[in-house]
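Commentary on secondary and tertiary structure
One letter stands for each residue in the lines below.
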Amino acid sequence: MSDDNNNSGTAAPEAQNVGQNPGQQAVRLQILTQYIRDLSFENAVAQKGLPSGDVQPEISVQVSLDARKRPADHQYEVISKFRVQSSNASDKSPLFLCELDYGGIFHVEGVPEDQLHPFLMIECPRMMFPFVRRIVSDMTRDGGFPPFNMDPVDFVALYRQEIARRAQAERPADQPLS
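Residues numbered from 1 in each chain as written. Predicted model: local features only at pLDDT ≥ 70, side-chain atom pairs only at ≥ 80, totals over all residues. Heavy atoms only, no water.

The chain appears in an unreviewed UniProt entry as Protein-export protein SecB from Paracoccus methylovorus. In the Sequence similarities (unreviewed entry) part of its UniProt record, the chain is described as follows: "Belongs to the SecB family." For the record of the chain, the UniProt heading Subunit (unreviewed entry) holds the text "Homotetramer, a dimer of dimers. One homotetramer interacts with 1 SecA dimer." (UniProt positions renumbered as here; feature names shortened; annotations may be inferred.)

Laid out in structure tokens, this is it:
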């Protein structure tokens, strides 16, 4: 008995590119793995004793990103580095320092070459951020402080700032800004 329906478990080629222009490959992003590359937490209060007077913590967060191609086809490693530093507002004495290098390995296909760098530096860190946020929150809590829940990071703005910084650094000193 013959079966006229395609029940092979694979989608027809037309169904795989729904919403795509003919000939345009669909973007495929897959997180292969995520990992802590480096982690450090320093509790200055425990090391030096409690600060005198009222404690009014000020927290600063610094973020940097890096991405590189891996030997396997379509695989990229993205590293996000977070430095969370807290100091007392009144006397600027340090309270804690948390440093986290968090990595992910991604399989990326269908992104045009000219858009690959911004894709890796924006979309991949955005996908890893909830895990980074949880680790930092747990580290500050386990370090003896209230859990610090980082505000979401605007990776688009961060990327644009880095591009502007690089353009400024490459501009000759005698060339005026346009």
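Applying the stated criterion to the full structure yields five aromatic pairs. For the ring pair Phe 41 and Phe 96, a centre distance of 5.5 Å and an interplane angle of 20 degrees mean the geometry is stacked. With Phe 41 in strand E1 (residues 28-43) and Phe 96 in strand E4 (residues 94-109), this pair connects stretches of sequence that are 55 residues apart. Taken together, a centroid distance of 5.0 Å and an interplanar angle of 50 degrees make the contact between Phe 96 and Phe 145 tilted. Separated by 49 residues along the polypeptide, Phe 96 in strand E4 and Phe 145 in the loop between helix H3 (113-142) and helix H4 (155-170) bring together distant segments of the chain. Three or more aromatic residues joined by ring pairs make a cluster, and in this case those are Phe 41, Phe 96 and Phe 145. (Phe/Tyr/Trp six-rings, centres within 6.5 Å; stacked < 30°, edge-to-face > 60°. Helix = DSSP H or I, 4+ residues; strand = E, 2+ residues; numbered from the N terminus.)

Assignment of secondary structure puts His 107 in strand E4. Setting aside residues no more than four positions away along its own chain, His 107 makes contact with Arg 28, Leu 29, Gln 30, Leu 32, Asp 73, His 74 and Gln 75. (Contact = heavy atoms within 4.5 Å.)

A separate point is the sheet that holds strand E3 (residues 75-88). Note on sheets: strands pair through backbone hydrogen bonds, and any given pair is parallel or antiparallel. Strands sit in the order E1-E4-E3-E2 across an open sheet of four strands; the sheet is antiparallel. Whereas interior strands pair on both sides, the edge strands pair on one side only; in this sheet they are E1 and strand E2 (57-69). Ignoring which end each strand starts from, the neighbouring axes of this sheet average 15 degrees apart. Where E1 and E4 come together, 14 bridges link them in antiparallel fashion. What sits directly across from Arg 28, in E4, is Glu 109. Along the sheet face, H3 touches E1, E2, E3 and E4 and points at about 140 degrees away from the line of E4. (Pairing = 2+ DSSP bridges. Axes fitted to C-alpha atoms, helices over the stretch in contact; angles between N-to-C directions.)

What follows covers the nonpolar core. With 29 residues, the main nonpolar core has Val 84, Val 108, Leu 120, Val 132, Val 136 and Met 150 as its most contacted residues. Broken down by secondary-structure element, the contributors of at least two residues to this core are E3, E4, H3 and H4. In terms of residue count, H3 provides more of this core than any other element does, eleven residues in total. (Core = buried A, V, L, I, M, F, W, Y, C linked by side-chain atoms within 4.5 Å. Buried < 20%, exposed > 50% of the residue type's maximum accessible area, 1.4 Å probe, protein only.)

With that out of the way, let us pick up the pairing of E3. Counting buried residues along E3, eleven of its 14 residues qualify, which places the element largely inside the surrounding structure. Where E2 lies against E3, 13 bridges are found, and the strand directions are antiparallel. Of the residues in E3, the one forming a bridge with Glu 58 is Ser 87. In textbook terms, the turn of a hairpin is the stretch between consecutive antiparallel strands, and for E2 and E3 this stretch comprises five residues, one of which, His 74, has a positive phi near 65 degrees. Pairing of E3 with E4, which is carried by 13 bridges, proceeds in the antiparallel orientation. Paired with Val 78 across the two strands is Gly 104, which belongs to E4.

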